[in-house]
Every structure is written in structure tokens, then in C-alpha cells.
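Fold and contact review
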Amino acid sequence: TSTKTKIANFEFDNCIMNAAGVLCYDKDELAKILNSAAGTFVTKTATLEPREGNPEPRYHDTRLGSINSMGLPNLGFDYYLDYLLELKKTHPKRTFFFSLVGMSQNDTHTLLRKVQESNFDGITELNLSCPNVPGKPQIAYDLETTEKLLTDIFSYFKKPLGIKLPPYFDLVHFDQAAAVFNKFPLSFVNCVNSIGNGIIIEDEKVVIKPKNGFGGIGGEYVKPTALANVHAFYQRLKPSIQIIGTGGILSGRDAFEHILCGASMVQIGTTLHKEGVSAFSRITSELKEIMEKKGYKSIEEFKGKLKYL
Ligand SMILES: O=C(O)c1[nH]c(=O)[nH]c(=O)c1Cl
């Protein structure tokens, strides 16, 4: 029984990895994932210049998940590109994900042109769904802007590229979004980013400082929404666009459900933040146990095979 997978024609020994933003801020954190049971890693979303991010406290774990309004704190595009190019020398056989987004459309093009011209030969994940930069809407909720941006990008960007999406909550929105994405040679869509702008309260007070306590929600709270987005896009997108499933994965059972809905790779966020990299080996062995019980030798045998009543 193997939990191996392929994304954009790259092979990974394991279909489980981190979600951008968790345990991926610097080389030390990324090395922990590199040396764990995870199949690969994705970097913290990089912007052109380094960013401090929002005032703390800006992340809070709860019994059922997490809330965050980090505000895109990162060490800047060049830091992550340098590290990814270093890894080409020390780990030539491995493929990594580079998450990025500009603070403007121009910045996004500047970043992607730099990737295009660089020796980076991994997979780029364009983050169209950050909910925590005050005054900046989540790009992927504006399908006209998203279509224009992707049209411009694919006029010059020729390396594997996927997009990180916010959750959608309306079947017509799934139809409209899929109709846009199907126009482009995307390698994947990653469903879902945190559910934007929830509030967690302790006694009479919010638990994070930015935005008067409004922040992206992750963890158990979001699994039904994540599964629905994975499956909705799996049903609607052309087969060449794969699905990465993110959201509410605490166990092998949750990973199994994401794959059943159509995911070719699953990403762990809140659970990784709470448990550390041992979550990767635990969830992988739990998933393998489920597969063995059911007689599945690979994830291909049950991927997307969600049964209806
Ligand atoms: O506040 C953040 O840094 C953040 N937080 C999220 O929950 N999703 C994102 O894509 C980003 Cl970029």
C-alpha cells in the first residue's frame, strides 16, 4: 500500500504535505518538513519585499481549530527562492512548492517573471485567497479580476502553476469559478484556504488583535466546506487540472475523505501547528491502515470515487 501521488507530472512518495503558512516561515522550519514523513513542502506565501505582518496576538488555537490574521509575514521572495535553489543541489530528486502573491497585480507579475527566469523547477502556488491584509479583498472572490490576472500570467509563465482558493459557498459560484479556471493550463487548484473573517471569543474578548478579532478559520470547523470545494471543482474542472485538498485534516480518515472527493494531494495546516511534524507520520499511517482494510493499493483506486445515495 502506497500513499504516493503525482502533481504536474512530478512524483511524490507521499500525498501529505503542509499547508502554506504553517511551519514554513524560514529555512529551519522548512527543513523540519523536508526531513519529516511529508511528501514535500510549500513555503509561506512570499511577497516581493519582506513583511512584518499584523500586530500580535495574530494566531490562536481552539479545541476545534484555529483563527489567524497573520497579515502575510514573510522573509521576502528572494529568501525563499535562494533556499529553493540551494535545495536543487542537495535534494536534486525532490520537488517543492513555492507559494507567492504580490501586494498588487504588478507585483504578482514581477514575482512570476522572476520565477520564470530563475532556475526554480518546482511548482508555483499563486495565493489568490489571503483574507488578512486590511483593505485587500480575496482576489479569487472577484472572478473578473482573476480571469484577467490569469490571462496575463499565462502569456509569459510556462512553468507548473496552481492557485490557492478561498472556499466558495454557492453552487453557481462553483460553476462560474470553474468556467474561468478551465480556460487556463493550470496544474492544480488548492481548495481551501481558511474560511475568512470568523471571530473566536474568550469570556468577553476576541482572541486576536488585528481587524478587531476577525480572522481566517481553520481546523475541524472547515472540513465540510473543504470537502465540498474539493469535490465541486473535481466534478467541474478539466482532468488536466488536479485538486489539492486542504482544510480540517486531523486524521487519516479526513485525508481519505479529501481523496475520495478528488484530491491528489492533501495539505495539513492547523493540525500541523498544534502537533508538529509527527502529524505527518501519524496521518500517513492512519491513511495506509484505512487503505489496507479496504484493499486499496494506491490512492488512484479511490480518488474521486465519492458515492452518492
Ligand atoms: O494572514 C496570512 O498571512 C494568511 N492567513 C491565511 O489564513 N491564509 C493566507 O493565505 C494568508 Cl497569506
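Since the model is a prediction, treat every value here as computed from it, not as a measurement.

Here we take up the site of the ligand. The local shell around the ligand holds 13 residues, among which Lys44, Asn68, Leu72, Asn193 and Ser194 are the closest. A distance of 2.8 Å is found between an oxygen atom of the ligand and a side-chain nitrogen or oxygen belonging to Asn68. For the ligand, whose free accessible area comes to 310 Å², the fraction covered by protein is 92%. The pocket occupied by the ligand, as judged from atoms lying within 2 Å of grid points, is the largest pocket. Looking at side-chain class alone, the shell around the ligand contains 5 nonpolar, 7 polar and 1 charged residues.

Further remarks concern the packing of helix α5 (residues 171–181) against helix α6 (residues 223–236). Interhelical geometry of α5 versus α6 gives an angle of 50 degrees and a closest axis separation of 10 Å. What the angle tells us is that α5 and α6 run oblique. Classified by chirality, the crossing of α6 by α5 is right-handed. Touching Leu171, Phe174, Asp175, Ala177, Ala178 and Phe181 of α5 are Ala228, Asn229, Ala232, Phe233 and Arg236, all from α6. Across the contact of α5 with α6, the residue classes break down as 8 nonpolar, 1 polar and 2 charged.

Along the chain, the position of Asp254 falls in helix α7 (residues 252–260). Using a relative accessible area of 9% as the deciding quantity, one classes Asp254 as buried. Contacts of Asp254, omitting those with residues within four sequence positions, involve Lys223, Gly248 and Ile249.

Our focus in this paragraph is the layout of surface pockets. Rolled over the atoms, a probe as big as a water molecule pinpoints where empty space is left. Reported here for the largest pocket is a volume of approximately 770 Å³. In terms of lining, the largest pocket is formed by 44 residues, of which the most central are Ala20, Gly21, Val22, Tyr59 and Asn68. Of all the secondary structure elements, the ones that give two or more residues to the lining of the largest pocket are β5 (65–68), β7 (123–127), β13 (214–219), β15 (263–268) and α8 (270–275). Grouping the constituent residues of the lining of the largest pocket by class yields 19 nonpolar, 21 polar and 4 charged. In this structure, the second largest pocket spans a volume of roughly 310 Å³. What lines the second largest pocket is a set of 19 residues, among which Gly102, Met103, Lys136, Pro137 and Ile139 lie closest to the centre. Residues that form the lining of the second largest pocket fall into these classes: 9 nonpolar, 8 polar and 2 charged.

Turning next to the sheet that holds strand β8 (residues 161–165). Ordered by their spatial adjacency, 7 strands build an open sheet running β3-β15-β14-β9-β8-β7-β6, and the pairing between neighbours is parallel. Only two strands of the sheet have a single partner each, and these edge strands are β3 (16–18) and β6 (97–100). With direction set aside, neighbouring strand axes in the sheet form an average angle of 25 degrees. Alignment of β3 against β15, held across 3 bridges, turns out to be parallel.

What follows covers the pattern of salt bridges. Counted under the stated rule, the structure contains 14 salt bridges. Ionic pairing is found between Arg253 and Glu257, a salt bridge with its closest N-O pair at 2.8 Å. Taken together, the positions of Arg253 and Glu257, both in helix α7 and 4 residues apart, correspond to about one turn of that helix. Among the charged side chains, a network of salt bridges with common partners joins Lys223, Arg253, Asp254 and Glu257.

Before going further, it helps to spend a moment on α5. All of the buried residues along α5 are Phe174, Ala177, Ala178, Val180 and Phe181. Each buried residue of α5 lies within a common arc of 155 degrees when the element is viewed along its axis, so the set occupies one face. On its buried face, α5 sits against α4 (143–153), β8, β9 (188–191) and α6. By the N-cap criterion, in which a side-chain oxygen at the helix start approaches the backbone nitrogen of a residue two or three places on, α5 is capped by Asp170, the distance to Val172 being 2.7 Å.

Conventions and cut-offs
Residues numbered from 1 in each chain as written. Predicted model: local features only at pLDDT ≥ 70, side-chain atom pairs only at ≥ 80, totals over all residues. Heavy atoms only, no water. Near = heavy atom within 4 Å. Polar contact = N/O pair within 3.5 Å; in protein donor to acceptor, adjacent residues only side chain to side chain. Areas by Shrake-Rupley, 256 points an atom, 1.4 Å probe, with all protein chains shown as cover. 1 Å grid on protein atoms, 1.4 Å probe; cavity = no way out; pocket = protein on both sides within 12 Å on 5 of 7 lines; lining within 4 Å. Sits in = over half its atoms within 2 Å of the grid points. Nonpolar A, V, L, I, M, F, W, Y, C, P; charged D, E, K, R; others polar. Axes fitted to C-alpha atoms, helices over the stretch in contact; angles between N-to-C directions. Helix = DSSP H or I, 4+ residues; strand = E, 2+ residues; numbered from the N terminus. Parallel < 35°, antiparallel > 145°, perpendicular 65-115°, else oblique. Left-handed = near helix turned anticlockwise from the far one by under 90°. Contact = heavy atoms within 4.5 Å. Buried < 20%, exposed > 50% of the residue type's maximum accessible area, 1.4 Å probe, protein only. Points joined across faces, edges and corners; volume = space filled by probe spheres on them. Pairing = 2+ DSSP bridges. Salt bridge = Lys/Arg side-chain N within 4 Å of Asp/Glu carboxyl O. Arc of directions from axis to C-beta.

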